[in-house]
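Notes for the structure review
Spelled out from the first residue to the last, the chains are:
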Amino acid sequence: MARTMNKTLIKTSLKPLVEPGAVIDGFTIEECVHRGGMATLWSVTWPDSDTPMLMKVPLVSEGEDPAAIVSFEMEQMILPRLSGPHVPACFGTGDFARQPYVVIERIPGKTLYQRLSELPVSYEEARALAGKIATALADLHTQNVIHHDVKPSSIMFRPSGEAVLIDFGLSHHNQLPDLLQEEFRLPYGTAPYMAPERLLGVRDDPRSDLFSLGVLLYFFTTGVRPFGESETLRGMRRRLWRDPHPPSKLRPGYPPWLQEVVLRCLEIEPVWRYPTASQLAFELGHPDQVKLTARSERLTRDPLATVLRRRFNWELTQPKPKADLAAQLASCPILAVALDTAEGSEELNEALRITAGRLLATLPSARLACLNVLKLARVTIDKTLDEQGNNKHIDRMVALKHWASPLKLDDNRLTVHVLEAVDPAAAILEFADVNHVDHIVIGARRSSLVRALLGSVSSKVAAEAACTVTVVRPPRLAPLPELAGTSKEPGEGRD
Amino acid sequence: MTAEEIVLLAVFADIHANRQAFSACLDFARAHGAQRYICLGDYVGYGADPEWTVDTVMGLVDDGAMAVRGNHDNAIGTPSETMNAEAQAAIEWTRGRLNAAQRRFLAELPMTLQEDGRLYVHSEASHPTRWRYVESTADAARSLEATDADVTFCGHIHLPSLYSMSAAEKMTSFVPTSGVPVQLLGGRRWLAVLGSVGQPRDRNPAAAFAMLDTESREITYCRVPYDVETAAQRIRDNGLPLWLADRLTVGR
C-alpha cells in the first residue's frame, strides 16, 4: 500500500491543471460548458481536428462521494469500446494515476430534459421519440452494454435524427467487471426511472432499460411520472408490487395501442416486458399492428389482492443467476419471411412455412414479420390504379395471415406487411434495415421462366442484406429426362 | 531485450504435465506476440509428461522467464505435503520420472516473484506456503492486503476470475470472458486468478492462460483448444488414475 500511496503523491504534484489554455495529452482546454454534481465538462480541441469535443472531468477531492469515482471508472472502461451513431465517439481517456478524464464527441443541441416544460407531447411525437430511443438501446444492448440511467437528461438527438445515449457512469458491460455491482449497498440511479429489479440488485437484465423507457413514454404522454418522484428506498420499493395508474385514467382518449406499449414496458416482472429493445422499436414502428390485450383497456390499477400477492411473493424478490446478455438477445430475434402470394407459389410457400416453423420452435421469444411486395409499375401516377391497388393490398394481407395461421403464433409475435415498391428486393432490404430484422427467410423459385421475370430477388437479398438470410427451395424432385431445348437447370435464370 | 521493451506477457498457471495443452498455449502466445513468459507453478502432477514440461519451463527460465513454485512442485521434494489420493498417486509416479536436475529445479523455485508493481504467486499472497485458494472477494482482499503490488497474478484453484479493490478498499469480482481485454484501471489494485493450462475445471476443457499488455494495462484471459484425447490417452497409458484422464475431456 505504501508504494501506491507514494506514487500517487508524486503524481499529484505533477498533476496538470484543468483550466482554459491548458494542454492535457494533446487536448487543448477551452471553456467550461457544464458543472454537474459528479463531473465538469470542458470544450477541448485537438490539432487539425474540426470535430467538436468535450472533456469530462470527474469531481474527486477529499470527502467526495466515491460513486463519482466509480461512475467515472465505468465510463472510462465502457466509452472507448462503444461505436455507432447512438453513442458519442470517444477520443481519449486518462486515469486517476495522473488526471482522470474522458474526451468525447460533443453532440450539438440539448438533452430531452429541455422538453419537460412542454409535456404532455402529442402521441405521435412521443411514439417517434420512443421509437428512436428504443433503436438506440437496441444498438447499445448489442454492444453488451445496459445503460441503467435512461431518462430525459441522458438522451440527445443528432441533427440527422438518431437518438444518442450519453452518461454511462451507471452502465453495466456484460464482458467487463461491474465496479458498481458490489460497491454500494443501495441501488444507484435515478429513482423515478429505476426498474423494480434494480432495487433487488439485478444489473444484468437489458429489459431494465425498457422499463425506464416506459416511464419516460408515460411521463411524456401524460405529464405525470408513473411512480412519482420519491427518492426513498421505501418509496421506490412500492413499484415491486404496485402498478401505476393506467394512462387512460389520467388522459381520456389515450390510444389503446400506446397504453398497451407503455404498460408492457412497465411490467413488474422483466419477462412480461418486450423481450428486446428491437422488438419494442418494431412495435412502435407499426402501431396499427400492436396486439391489444387487457392492458390496453385497463382504467384502474390492479386490485388489492393482486398487489398483496406480489407484495408477499418472495420468488419475485429473489436474485437470479447472472445472465449472458448476448445469448439473451440472440434468443429473441426479429425474423422476416418474404412470401409470394401468386398462383403457383404453394409448394415454395409450404417449404418456407416449414423452415419458419423450425426457427420459431427453437426461439419462443422471436417475432415474425410476414412480407409481401406489391410490385408497382415504374410509372404510378395513374389514379385508376389507386382503388384497385388498395384492394390488392387487403387481399394480400389476408393471404399472409392465412399462410401464417398453421404456425399458431400468438398475435403479439406476428405481423404482416404488404410493401409497395418497384424493386421487390430493395423493398425487402429496406424493411429489414429499418426494422432491425435479424434473419430473413426467402424462397428461391425452381422455374427459370418465373425467375427470369421476377428477377433473382432472393439472390439480391442474400447478397446485400446486413443480417442472416436463409434461402429456401421446394423439395428436390427427380430430374426430368433431358428434352432438348425445353428444360433449364435451376439457377440458370437471369441473375 | 531490456525491461522497457517488454510489453506483452504470457502468464501460465497449473500446467500439470499436460504437454499438449502447454504446447498449444505456448504456440498461441507466440503467435500473438508474447515477449515474456511467467509461470505460476504446478508444472507437474496429474498429467503424463512431467519431464518434457519441466525441461520446457527450465528452458523458458534460461531465456528470461519467471517461474514460482506450486504445491505439486513442492510435493516432489517434500513427501509430507498433504494431497488427495489421486494427486498423491500422480506425485509418487512423477517423482520417479524426474531426474535430479529437474527435481532440484522444482525445489529451488521461489515462492513469489515481484517486478514492476506485479506480484507472481501460485496460491495467494497472504501466506504463500499455506496454499490457500482464492474463492471469494474476502480471500482476494486478504491477498491484496498482504502485498503492495498493483497487480497480483495467481492460479491454484483452476477457475479464472478477476478481483479488484478500490481506493476505498471495496471489492469487486468478475468472471472474465475469454478474448475480451479488460483494462486494469490505475487507482485500483487487482488480483488476477488464472484458469489452468493443463487441467481446466470450469467445465470448459480448453486450456486457459492470460496475456497482459503492460503498456495499455489490459489483461486478456485466453482459451486455447488442444488435443485433449492424446493428453488423456497418455494418462491412461501410464497407469495414472483414470479420472485424471476423464476429467480433461469435460473440464472439471
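Bear in mind that the values here come from a model prediction, so they are computed numbers and not experimental data. (Residues numbered from 1 in each chain as written. Chains lettered and ligands numbered in written order. Predicted model: local features only at pLDDT ≥ 70, side-chain atom pairs only at ≥ 80, totals over all residues.)

1. Some words on the overall build of chain A
Here is the rule: Runs of E in the DSSP output that reach at least two residues are strands. Runs of H or I that reach at least four are helices, and both are numbered from the N terminus. Exposed residues have 12 or fewer other C-beta atoms within 10 Å of their own C-beta, buried residues have 20 or more, and residues in between are partly exposed; the C-beta atoms are placed from the backbone. By definition, residue pairs are in contact when their C-beta atoms, positioned from the backbone, come within 7 Å.
Looking only at helices and strands, one finds 16 helices and 15 strands in chain A. For chain A, the residues scored as buried account for 39% of the 495 residues in total. Taking the intrachain contacts of chain A between residues at least 6 apart in sequence as the baseline, contacts between residues at least 24 apart amount to 72%.

2. Comments concerning the domain arrangement of chain A
Residues and elements named next belong to chain A. Put simply, the rule is: Note that domain bounds follow an automatic or database assignment of domains. Three residue categories are used. Nonpolar comprises Ala, Val, Leu, Ile, Met, Phe, Trp, Tyr, Cys and Pro, charged comprises Asp, Glu, Lys and Arg, and polar comprises the others, including Gly.
One can read the domain layout of chain A as domain 1 (2-105), domain 2 (112-329) and domain 3 (333-472). Between domain 1 and domain 2, the contact holds 17 residues from the first and 22 residues from the second. Here the residues of the side of domain 1 that touches domain 2 are counted per class, giving 12 nonpolar, three polar and two charged.

3. Brief notes about the pairing of strand β4 (residues 112-115) of chain B
Residues and elements named next belong to chain B. Rules: For two strands to count as paired, DSSP must find a minimum of two bridges between them.
Examined bridge by bridge, β4 and strand β5 (residues 118-121) share four bridges and lie antiparallel to one another. Within the sheet, the bridge partner assigned to Glu115 lies in β5 and is Arg118. The antiparallel pairing of β4 with β5 creates a hairpin that spans two residues between the two strands, and Asp116 there sits at a positive phi of about 55 degrees.

4. With respect to helix α12 (residues 346-362) of chain A
All names here are of chain A. Formally: Given a helix with a known number of residues, its expected span is that number minus one, times 1.5 Å. Throughout, the arc means the angular range of directions from the helix axis out to the C-beta atoms.
For α12, with 17 residues, the first-to-last C-alpha span of 25 Å sits near the 24 Å given by 1.5 Å per residue. Listing the buried residues of α12 in full gives Leu348, Leu352 and Ala356. In an axial view of α12, the angular spread of the buried residues amounts to 65 degrees, which keeps them on one side of the axis. The exposed residues of α12 that point more than 90 degrees off its buried face are Glu346, Ile354, Arg358, Ala361 and Thr362. Against the buried residues of α12 lie β11 (334-338), β12 (367-375), β14 (439-443) and β15 (468-472).

5. Describing helix α6 (residues 137-145) of chain B
All names here are of chain B. Those residues of α6 that fall on the buried side of the exposure criterion are Ala140, Ser143 and Leu144. Buried residues of α6, viewed axially, fall in a sector of 95 degrees; they line one side. Lining the buried residues of α6 we find β6 (151-154), β7 (161-165), β8 (171-174) and β10 (189-193).

6. Observations regarding the sheet that holds β4 of chain B
All names here are of chain B. This is how the line gets drawn: Note on geometry: axes are lines fitted to C-alpha atoms, helical ones only across the stretch in contact, with angles between N-to-C directions running from 0 to 180 degrees.
Sheet architecture is open: six strands sit in the order β4-β5-β6-β10-β7-β8, paired in mixed fashion. For this open sheet the edge positions go to β4 and β8, each flanked by a neighbour on one side alone. Recorded for the sheet is a direction-independent mean angle of 15 degrees between the axes of neighbouring strands. Relative to β8, β7 runs antiparallel, the two being bridged by four bridges. The residue of β8 that forms the bridge with Tyr163 is Ser173.

7. Some remarks on the packing of helix α3 (residues 123-142) of chain A against helix α4 (residues 207-222) of chain A
Packed helices, taken two at a time, are described by their axes: the angle between them and the distance between them. Residues and elements named next belong to chain A. Put simply, the test is: Angular relationships are summarised with four words: roughly parallel below 35 degrees, roughly antiparallel beyond 145, roughly perpendicular across 65 to 115, and oblique for the angles in between. Two helices that cross are described as forming a left-handed crossing if the nearer one is turned anticlockwise from the farther one by less than a right angle, and a right-handed crossing if clockwise.
Contact geometry of α3 with α4 gives a least axis separation of 10 Å together with a crossing angle of 165 degrees. Taken together, α3 and α4 sit at an angle that is classed as roughly antiparallel. With respect to the hand of their crossing, α3 and α4 are arranged in right-handed fashion. Facing α3, whose interface residues are Tyr123, Ala126, Leu129, Ala130, Ile133, Ala134 and Leu137, α4 presents Asp209, Leu213, Leu217, Phe220 and Thr221.

8. Observations concerning the interface of chain A and chain B
Often, the extent of an interface is quoted as the loss of accessible area on bringing the components together. Contacts between chain A and chain B engage 20 residues on the former and 18 residues on the latter. For the side of chain A that touches chain B, the secondary-structure elements that each account for two or more residues are α1 (2-13) and α2 (66-78) of chain A. Tallying contributions element by element places α2 of chain A first for the side of chain A that touches chain B, with five residues. Of the residues that constitute the side of chain A that touches chain B, the class distribution is 10 nonpolar, four polar and six charged.

9. Looking at the sheet that holds strand β1 (residues 8-12) of chain B
As a general point, the strands of a sheet are linked pairwise by backbone hydrogen bonds and lie either parallel or antiparallel. All names here are of chain B. A sheet is described by the order of its strands in space; here six strands give the open sequence β3-β2-β1-β11-β12-β9, paired in mixed fashion. Either end of the sheet is taken by a strand with one partner, and the two such strands are β3 (66-67) and β9 (182-183). Examined bridge by bridge, strand β11 (residues 207-213) and strand β12 (residues 218-224) share seven bridges and lie antiparallel to one another. Bridging from a neighbouring strand, Ala208 pairs with Arg223 of β12. Set on the sheet, helix α1 (residues 19-31) makes contact with β1, β11 and β12; between it and β11 the angle comes to about 25 degrees.

10. Looking at the pairing of β7 of chain B
All names here are of chain B. Within β7, four of the five residues are buried, leaving the element largely enclosed by the surrounding structure. As defined by bridge partners, β7 adjoins β10 across five bridges and the pair is classed as antiparallel. Among the inter-strand pairings, Ser164 is bridged to a residue of β10, identified as Trp190.

11. Overview of the nonpolar core
Here is the rule: Joining buried Ala, Val, Leu, Ile, Met, Phe, Trp, Tyr and Cys residues through C-beta atoms within 7 Å gives a set, and that set is a nonpolar core.
In terms of nonpolar packing, the biggest core is built from 182 residues, with Val337 of chain A together with Val11, Phe12, Leu40 and Phe209 of chain B touching the most fellow members. Here Leu40 of chain B is in contact with Val11, Phe12, Ala13, Val68, Tyr120, His122, Phe153, Cys154, Gly155 and Leu194 of chain B, once residues within four sequence places are set aside.

12. Notes on unusual backbone geometry
Residue Pro120 of chain A follows Leu119 of chain A across a cis peptide bond; omega there is -5 degrees. Relative to the elements of secondary structure, Pro120 of chain A occurs in the loop between β6 (101-105) and α3. With phi around 55 degrees, Asp14 of chain B is a residue other than glycine that occupies positive phi space. By secondary structure assignment, the location of Asp14 of chain B is in the loop between β1 and α1. What makes Asp14 of chain B buried here is the crowd of 30 C-beta atoms within 10 Å. Look at Glu169 of chain B: it is not a glycine, yet its phi comes out positive at around 65 degrees. Turning to its location among the elements, Glu169 of chain B is positioned in the loop between β7 and β8.

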